[in-house]
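One letter stands for each residue in the lines below.
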Amino acid sequence: MTNIPLCVDLDGTLIKSDMMFESMAILIKSNPIYLLMIPIWFIKGKLYLKEQLFNRVQIDIDTMPLNDEIVNFLINEKKSGRTILLVTASLQYYADKYKEKFNFLDEAIGSKDGINLSAKYKAEYLKGRFGDKNYDYIGDSHKDLVVWSFAQNALIVSDNTILINKAKEITNIAETWGRTNTPKYKIIFKQLRIYQWVKNLLIFLPALLAHSLEFNIYFQLLLSFLSFSFVASSIYIFNDLMDLNSDRKHKIKKNRPLAAGNFRISDAFVYTILLMTIGIMIGVFINISFIIVLLIYLITTYLYSIYLKRIYIVDIITLALLYTMRIIAGSATSGFIISEWLAAFALFFFFSMGALKRFTELKNSKNEKLSGRAYIADDMNIVQIMGICSSMISVLVMVLYINSNTISQLYSNPKILYLIIPILLHWNMRVWVLADRSMMNEDPIVFSIKDKYSYLSILLIGIIMLIGII
C-alpha cells in the first residue's frame, strides 16, 4: 500500500461516457437548432461550451455507464487506507455529484473559475498541490500524458497501444485496463448495425420483378445499396445518440455499444458525419432521382429519430414509408417504375412489421409506458390488431395483383403465383404467433436473418415466380 494520493479522471475512466458529449446529445434531441450553436460556443473555449450546455441540460449521473473495474479497484484502494481524489475536466457541479454518489472519494475537483481542468491545467494543479512524482493518476487519453509525466505511477484505461507506449516513456505504468474485452472492430460493426443492411436489398426489387438481367443496372443498384447502407448506419448511430437514456433503461438495448459506453459519444458524432458524407458521395455517381430519394429518406429518418418516433401510430407509418423508400430508390436507380400493386403491398406489409416491432417492445417491457415512445402497456392489444390486419391486407393486395391484367405482361403462367399466397399467410401469421408467445426478437429483421423458415419461404417464393416466368 502506498501513502501517496490516488487521483482519478471521470470521463472515460470512472465512467465509460463523457459528460460534455452526453449533454450535447440530450440538448440536440430537445432542440436540433442547437447543432448550429454548439460550434459557436466551442470557438469560445471548452469551458464556455460546458457552461452553456449546463445552463440548458443537467444530466442525471445515475444514468451514466460506470467502469465497474475502476470502481471496484478504487473501493479496494480505499479499504487499504488510501486517499482518493476525483480530478476531472467536467464541471465542479458534476464532480460534487459523484462525490456524493461514491463514498470512496475523499475529494472531488472539477472545472470552475474560468479554468478547464484538463491536460496541462490538471497537471499544474496536481503538481502544485502534491509535488512532482508524489501522486498516482488514472486516466484514459492522450490529454493525460502531461498529467502522467508528473505522476509517480500511471494507471491507464485504454486499449490504445500508442498511448500506452508514450506513457511508458515518461513515467512508470502501474496498471492498465482495456475499455472492453470485445475487439474494437466488432464494436464498430455492431454500432453500425451492419446486419440491418439487409433491409437495403429492397433496392434490387424493382429490377428483379421486372426480370431484368442487365449487368450495368445491377452495378448501379449495388452502388445504390452501398449509398443507402452508409447513410442508414449514420442514422442508426444518430438514433442511438438520441435514445441514450431510454436505451439504458431497456433490458436489451442497454447493451448497445453507445448505451453501454463501449463506443465513445465523441466517435459517434464523427462516424455519423463521415458515413453520411460517404453515402451521399456514392449517390452522386448514380443519378439525380436517386439523390432526391436519398435526401428525402435522410430528412425523414432524422425527423423520426428526433420527433416522429414519439408520436404513436405516426411512428409506425413512418417506418413503413422508410422501407418503401428503399424500393422507390431502386426504381429511381434502375428506371423500372414500381406498380401501384407493389407500392400498396409494401406499405401494408411494412406497416405490419413496424407494428410487430412495437408489439414485441410492449410485450417485453415491464413498465407502464414504453421508454422513449408514446405507447403504454394497455396499447399492446390494439397495436397487435393493427399489425395483423395490415398483414392480412398485404396478402389481399397480392391476390388482387395476381388477378390483375398487368401480371400477364410479366408471367407466362400467372396462375401458379397463387401458390405464393399460403406461404405469405403462413409467414405473416407465424411471426405474430411467435411474438405473442414472447419468442420474437424485438426487431423482425434480426429475427428473419436467423430464422430458417424465413429463408425457406423466400426460396419457395423465388421458385414459384421462376416457374411462372417460364
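Here the structure is a predicted model, which is why all the values come from computation and not from measurement.

J.: What is the right way to read the packing of aromatic side chains from this model?
T.: For any two aromatic rings, the description comes down to two numbers: the centre-to-centre distance and the angle of the planes. Scanning all chains against the criterion turns up 26 aromatic pairs. Measuring from centroid to centroid gives 6.5 Å for F215 and F219, while their planes differ by 25°, and the two rings are stacked. Placement of both F215 and F219 in helix α11 (residues 215-242) is noted, with a separation of 4 residues, approximately one turn of the helix. F219 gets classed as partly exposed once you look at its relative accessible area, which sits at 42%.

J.: Would you take a moment to explain unusual backbone geometry for this structure?
T.: Where the residue is not glycine, phi is negative for most of them; where a peptide bond is considered, it is trans in most cases. Within the chain, R193 stands out as a residue other than glycine whose phi angle is a positive 50°. With respect to the element layout, R193 can be found in the loop between α9 (184-192) and α10 (205-209). Despite not being glycine, I313 has its phi angle at roughly 70°, a positive value. Examined against the element boundaries, I313 turns out to sit in the loop between α15 (288-306) and α16 (314-334).

J.: What exactly am I supposed to notice about the nonpolar core here?
T.: Soluble globular proteins tend to bury their nonpolar side chains together. Ranked by size, the top nonpolar core spans 80 residues in total, and within it L14, M19, L74, L86, Y98 and I138 carry the most contacts. The biggest single contributor to this core is α11, with 13 residues. Those residues in contact with L74 that sit more than four places away from it in its chain are L6, V8, L14, I84, F104 and I138. Grouped together as the second largest cluster of nonpolar side chains are 41 residues, I316, I421, L424 and A435 included.

J.: I'm lost on the pairing of strand β2 (residues 84-91) in this one. Help?
T.: For a regular strand, side-chain orientation follows a simple rule: the groups alternate between the two sheet faces. In terms of burial, β2 is a largely internal element, 8 of the 8 residues being buried. Examined bridge by bridge, strand β1 (residues 6-8) and β2 share 3 bridges and lie parallel to one another. For V8, the partnering residue across the bridge sits in β2 and is L86. Here β2 runs beside strand β3 (residues 107-111); their pairing, made up of 4 bridges, is parallel.

J.: How should the sheet that holds β2 be read in this particular structure?
T.: Adjacent strands of a sheet pair through backbone hydrogen bonds, lying either parallel or antiparallel. Read from one edge of the open sheet, 6 strands run β3-β2-β1-β4-β5-β6, paired in parallel fashion. The open sheet has two free edges, formed respectively by β3 and β6 (172-177), since each of these has just one partner strand. This sheet shows a mean twist of 20° between the axes of neighbouring strands, independent of strand direction. In this structure, β1 lies alongside strand β4 (residues 136-139), joined through 3 bridges in parallel fashion. Within β4, the position partnered with L6 by the bridge is D136. The sheet strands contacting helix α3 (residues 46-56) are β2 and β3, and the helix crosses β2 at an angle near 85°.

Criteria and thresholds
- The residue numbers shown here count from 1 along each chain, following its written sequence.
- The model is predicted, so local features are restricted to residues of pLDDT at least 70 and side-chain atom pairs to those at 80 or more, both for listing and for counting; the totals for chains, interfaces and linings are taken over all residues.
- Hydrogens and water molecules were not included; the side-chain quantities draw on all heavy atoms of the structure.
- Between the rings of Phe, Tyr and Trp (Trp by its six-membered ring), a pair exists once the centres lie within 6.5 Å; its type follows the angle of the planes, with under 30 degrees stacked, over 60 edge-to-face, and the other angles tilted.
- Helix and strand labels come from DSSP, where a helix needs a run of H or I of at least four residues and a strand needs a run of E of at least two; each type is numbered from the N terminus.
- When a residue's accessible area, from a 1.4 Å probe over protein chains only, is under 20% of the maximum for its type it is buried; when over 50% it is exposed; and in between it is partly exposed.
- Side-chain atoms within 4.5 Å are what join buried Ala, Val, Leu, Ile, Met, Phe, Trp, Tyr and Cys residues into a set we call a nonpolar core.
- For this analysis, residues touch if any pair of their heavy atoms sits within 4.5 Å.
- DSSP-based pairing: two strands are paired if at least 2 bridges between them are found.
- Where helices are involved, their axes are fitted lines through C-alpha atoms of the stretch in contact, as for all axes, and angles between N-to-C directions lie from 0 to 180°.

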